[in-house]
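# Survey of secondary and tertiary structure
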Amino acid sequence: MARQQPPPWVHTAILLCLLSLTGAIEIPMDLSQPPTITKQSVKDHIVDPRDNILIECEAKGNPAPSFHWTRNSRFFNIAKDPRVSMRRRSGTLVIDFRSGGRPEEYEGEYQCFARNKFGTALSNRIRLQVSKSPLWPKENLDPVVVQEGAPLTLQCNPPPGLPSPVIFWMSSSMEPITQDKRVSQGHNGDLYFSNVMLQDMQTDYSCNARFHFTHTIQQKNAFTLKVLTNNPYNDSSLRNHPDMYSARGVAERTPSFMYPQGTASSQMVLRGMDLLLECIASGVPTPDIAWYKKGGDLPSDKAKFENFNKALRITNVSEEDSGEYFCLASNKMGSIRHTISVRVKAAPYWLDEPKNLILAPGEDGRLVCRANGNPKPTVQWMVNGEPLQSAPPNPNREVAGDTIIFRDTQISSRAVYQCNTSNEHGYLLANAFVSVLDVPPRMLSPRNQLIRVILYNRTRLDCPFFGSPIPTLRWFKNGQGSNLDGGNYHVYENGSLEIKMIRKEDQGIYTCVATNILGKAENQVRLEVKDPTRIYRMPEDQVVKRGTTVQLECRVKHDPSLKLAVSWLKDDEPLYIGNRMKKEDDSLTIFGVAERDQGSYTCVASTELDQDLAKASLTVLGRPDRPRDLELTDLAERSVRLTWIPGDDNNSPITDYVVQFEEDQFQPGVWHDHSKFPGSVNSAVLRLSPYVNYQFRVIAINEVGSSHPSLPSERYRTSGAPPESNPADVKGEGTRKNNMEITWTPMNATSAFGPNLRYIVKWRRRETRETWNNVTVWGSRYVVGQTPVYVPYEIRVQAENDFGKGPEPDTVIGYSGEDLPSAPRRFRVRQPNLETINLEWDHPEHPNGILIGYTLKYVAFNGTKLGKQIVENFSPNQTKFTVQRADPVSRYRFTLSARTQVGSGEAVTEESPAPPNEAYTNNQADIATQGWFIGLMCAIALLVLILLIVCFIKRSRGGKYPVREKKDVPLGPEDPKEEDGSFDYSDEDNKPLQGSQTSLDGTIKQQESDDSLVDYGEGGEGQFNEDGSFIGQYTVKKDKEETEGNESSEATSPVNAIYSLA
């Protein structure tokens, strides 16, 4: 961040303004005055022959001047040449060739004369030349035969053009000739080889000349080289070898100069021109050139080196640049120097140029013409274009060398004087008139001007005036007080009032008064003082990454009566506000910063009167530029040194370099990472593999990202060898149940080590230890057929090329193809309680491959009702699983299968065991809801009612109802069921019968008996209650005193019991 100083042109404008304040007073154009030349062509006027010729000459005067010309110092009669005309109210010549003619016929030296009754003014002598671009002479050039390592100069000798053509060398196919410190073009256009190499034969060499005016290029016939060498093999890899010359058998030599010849020379240069010194040397190795000045240092502000240090240019030469310079050419064999003596001459240049002289009758004055040069120029005075000696004598005029003195001038003394100063290097011509006038003071500017100025600035109030004699001028403020001069004020000769530092109290009305013996004139200027424009919050220097958003602030304070405008410059040029930028009153925002946004940004806050500048630098951290100029040196069988020149880091230091390589045999055009190096190095030794045609490139990396890859290096091929390794990732896997596919990762170019890389594939059954089968394969797979299902094989894959076999390979175990597995063994389902079910199984007897898991499918069912099927997948090591029951009643059906990569094998199915009383419960649940069962029960109930009625009737008649007529046989606990299927009923604890089960609705139901009525117990048991309800209980007789064969005692019939209660 910095408050920027005003640009240089502001200081220049101030300087010019101050110079104008001390210059001569101009005569108003409405007053009589001699001619003054205002515009003319340059002294050396070169024209295009295809265009009309224009020779300019314009002048002013009162009365308006007339014009005529001389050509080669003789009057040029324009009226006699139809092609030549003169522009109206001007002396400019126009030569028209539309109707024919040759421009060359008008070459020569022209001079314009502008004349009125008060005198004659002259232009410079204008040398008219027509541009020339002559054709190159046809010539047959024999091949240039040269020994390798010798120096060579190919001469251009372009045709003499006007102006001189620009020379450059190309091949006949218009490809530029690559130049370096070994091969370069001299200032004279010749092409110099410090030493010739065999590679120089790969192209031809043609000199080309480009002519400025015609915009044409002419090409000389091409040179071809024939290089004699001791080593005809052009190995490009040796081009950058440090011992390239000795490697090629070229003898090393000390330097010698090809241009200039010898050990000393001299050169002359004109003051103000550029000095160009040149030294081109031969030698093996190519010499380096250094420059020195005897007795002092080179002028650092004006000196620069060109053409690979072979040329020294010093701009805008002055006398102190003369002296002795020497160039030093050196290589490891020695050094040599050449001394150049520089002499600085000078065409004439002004010390005091004559100026127009305005006098009143009777006044004195003088014209001064002083110039310098080397050699010292002579001064010649003329009046109205004629030598002063030839002019009529004037007693009021005296010539004293470079000065003409006028005393007591009169009206007759009016004339235009010319001063011509010249030496052998050029001339200067100046016009200055003497005007004798009698004019009272007059103001030349508008009246009552308003001048607005900025506080604390230096300002100037102009009051242009004229009068003869020259009036005196005084300034007053607010119409009162003394003359303003001295202190903070200064009055210049032309009448301008300078106020050195404006203050608020300086505001007001200023009056200028011009007075001479003929009268006086005055004018007023109103001065307003304004506050300055100031940037009080300036933009800050920022360092940002590419792609981010940055904001530059610029907040301004200014006088409210002035209109403010804020603009931005980038690198001192107006900033184009594109789509990525947003300009506001107090800031500039850049979105998505890119590398091109880097630079200096200047905020310009300006009003009509002043401006303030504030500058900040924006540094963009970008990806580095690509490395360049890759060189291969230290070439060996298995290594090479790679050197490169780093690119610009774009403000973010380079952290790493990645070296990549490409080979043209296995994967041409594909780049692979070779190695990585720290960002501080630019040279590294690379380990190489046999039989690879390497090409390298380098990528630079910084915090922002990676550079573009460098241009590739030259190729370098290593010699071959047998493989040192075998392919990796060897596998044997079946793709079908009766095959085995052997695969491997193919070896790349850096591991092939030789041509015709192939693979020897061997295999055999592992268990049988049979002899090896083998086959040679060029790809990366081989399929073995007719194999048993999933058996192990021993596999070996060995690399081989034309140089031999690789090392003995390792043995890898592979397997033939898999099949579906058999069913899991011993699938067991256990139910430890009503909440869980445990499953267990064993692995299949025949896996037929690698088990990848088990699949279990199960579903709950209750009678005919089925739940949702659930699928579980298990790892191959899991052989147990527990199922949480959803309810204690439902049963489960389980299906289990094993899986290989082929798929699921044979399945085994089991069901969970039935819970206790499941049959009864299911019978109750299923039958009790059937319509036919309900009807049957109703029928049975009706039948029982009928029987009860019949029994009651019989009972009332006194009869008995036999229930059982057979022997009473006790029913033991070991045989609870009689032969006819009747059960022993017990009322103990009122428990449900064995085998009964809680129904689905939670009630307890007893099994219906299908026996006949049993005997009723004795002693009042089995009686009806008083209300007629049946309170008897079925029981089995247990009287052990009764013997077998006795008839069963008669039991009281229930009907009778009821009847007896009646």
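Residues numbered from 1 in each chain as written. Predicted model: local features only at pLDDT ≥ 70, side-chain atom pairs only at ≥ 80, totals over all residues. Heavy atoms only, no water.

Let's shift gears to the sheet that holds strand β33 (residues 378-383). Reading across the sheet, the five strands line up as β30-β38-β37-β33-β34 and stay open at both edges, with mixed pairing between neighbours. Among the strands making up the open sheet, the edge pair consists of β30 (357-359) and β34 (386-387). (Pairing = 2+ DSSP bridges. Helix = DSSP H or I, 4+ residues; strand = E, 2+ residues; numbered from the N terminus.)

Attention shifts here to the sheet that holds strand β31 (residues 365-368). Strand order in the open sheet formed by three strands is β31-β36-β35, and the pairing between neighbours is antiparallel. Each of the sheet's edge strands pairs with one partner strand only, and the pair in question is β31 and β35 (397-400). Adjacent strand axes in the sheet meet at a mean angle of 15° when their direction is disregarded. Pairing of β35 with strand β36 (residues 403-406) involves four bridges; the strand directions are antiparallel. Across the sheet, the residue bridging to Arg397 is Phe406, located in β36. (Axes fitted to C-alpha atoms, helices over the stretch in contact; angles between N-to-C directions.)

Here we come to the nonpolar core. Residues Trp69, Trp475 and Tyr510 are the most contacted members of the largest nonpolar core, which totals 52 residues. No other element matches strand β47 (residues 519-530), which puts four residues into this core. Beyond its immediate stretch of four places on either side in the chain, Tyr510 contacts Leu461, Trp475, Phe476, Lys477, Leu484, Tyr489, Leu497, Ile499, Asn523, Gln524, Val525 and Leu527. By size, the runner-up hydrophobic cluster in this structure holds 21 residues, among which are Val146, Leu154, Val196 and Tyr205. (Core = buried A, V, L, I, M, F, W, Y, C linked by side-chain atoms within 4.5 Å. Buried < 20%, exposed > 50% of the residue type's maximum accessible area, 1.4 Å probe, protein only. Contact = heavy atoms within 4.5 Å.)

On to the side chain of Ser41, then. Mapping Ser41 onto the fold places it in the loop between β2 (33-40) and β3 (44-47). Overall, Ser41 belongs to the buried group, its relative accessible area being 8%. Here the side chain of Ser41 touches Glu56 through a polar contact of 2.8 Å, landing on its backbone nitrogen. If we ignore the near neighbours within four places in the chain, the residues touching Ser41 are Leu54, Ile55, Glu56 and Ile126. (Polar contact = N/O pair within 3.5 Å; in protein donor to acceptor, adjacent residues only side chain to side chain.)

Before going further, it helps to spend a moment on the state of the cysteines. Scanning the model with the defined rule gives six disulfides in all. Here Cys554 is linked by a disulfide to Cys603, with a sulfur-sulfur distance of 1.8 Å. Its torsion about the S-S bond being -75°, the disulfide of Cys554 and Cys603 is classed as left-handed. Placement of Cys554 in the loop between β50 (550-553) and β51 (555-557) and of Cys603 in strand β56 (residues 599-606) is noted, with a sequence separation of 49 residues between them. (Disulfide = S-S within 2.5 Å.)

So, about the pattern of salt bridges. Pairing of side chains with opposite charge becomes possible as their charged atoms draw close. Under the defined criterion, the tally for this structure stands at 49 salt bridges. Of the charged contacts in the structure, one is a salt bridge between Lys530 and Glu528, with a shortest N-O distance of 3.5 Å. Accessibility assignment for this pair places Lys530 and Glu528 in one class, buried. Its salt-bridge partner being Glu741, residue Arg781 comes within 2.4 Å of it at the nearest N-O pair. Of this pair, Arg781 sits in strand β69 (residues 781-785) while Glu741 sits in strand β66 (residues 739-745), and the two are 40 residues apart along the sequence. Three or more residues joined by partner-sharing salt bridges are found here, namely Arg537, Glu553, Arg555 and Asp586. (Salt bridge = Lys/Arg side-chain N within 4 Å of Asp/Glu carboxyl O.)

The next subject is the pairing of strand β75 (residues 853-862). Looking down a regular strand, the side chains alternate between one sheet face and the other. Among the 10 residues in β75, eight count as buried, and that is most of the element. Inspection of the sheet shows β75 paired to strand β79 (residues 891-900) by nine bridges, in the antiparallel sense. Looking across to β79, one finds that Ala860 is bridged to Tyr892. Taken together, the five bridges between β75 and strand β77 (residues 870-874) define a ladder with antiparallel strand orientation. Considered in β77, the bridge of Lys857 is made with Val871. Pairing of β75 with strand β76 (residues 865-866), which is carried by two bridges, proceeds in the antiparallel orientation. Looking at β76, one finds that Asn862 is bridged to Lys865.

What follows deals with the side chain of Asp597. In this fold, Asp597 is placed in the loop between β55 (587-590) and β56. In this structure Asp597 touches Lys570, Arg580, Met581, Ile590, Gly592, Leu618 and Val620, once residues within four positions along its chain are discounted.

Another point: unusual backbone geometry. Look at the link from Asn374 to Pro375: it is a cis peptide, with omega at 5°. Summarising the element assignment, Pro375 is placed in the loop between β32 (370-374) and β33. Residue Pro469 follows Ser468 across a cis peptide bond; omega there is 5°. For Tyr456, which is not glycine, the phi torsion reads 75° and is therefore positive.

The subject of this paragraph is the environment of Val145. Relative to the assigned elements, Val145 resides in strand β13 (residues 144-147). For the pair Val145 and Thr224, spaced 79 residues apart in sequence, the C-alpha separation works out to 8.7 Å. Each residue touching Val145, except ones within four places of it in the same chain, is listed here: Lys226 and Leu228.

Once that is clear, we can look at the environment of Ser875. Looking at where Ser875 falls in the secondary structure, it is placed in the loop between β77 and β78 (880-884). Separated by 24 residues in sequence, Ser875 and Leu851 place their C-alpha atoms 8.7 Å apart. In this structure, Ser875 is in contact with Gly853 and Tyr854, ignoring residues within four places of it in sequence.

It is worth stressing that arrangement in space is one thing and function is another; only the former is reported here.
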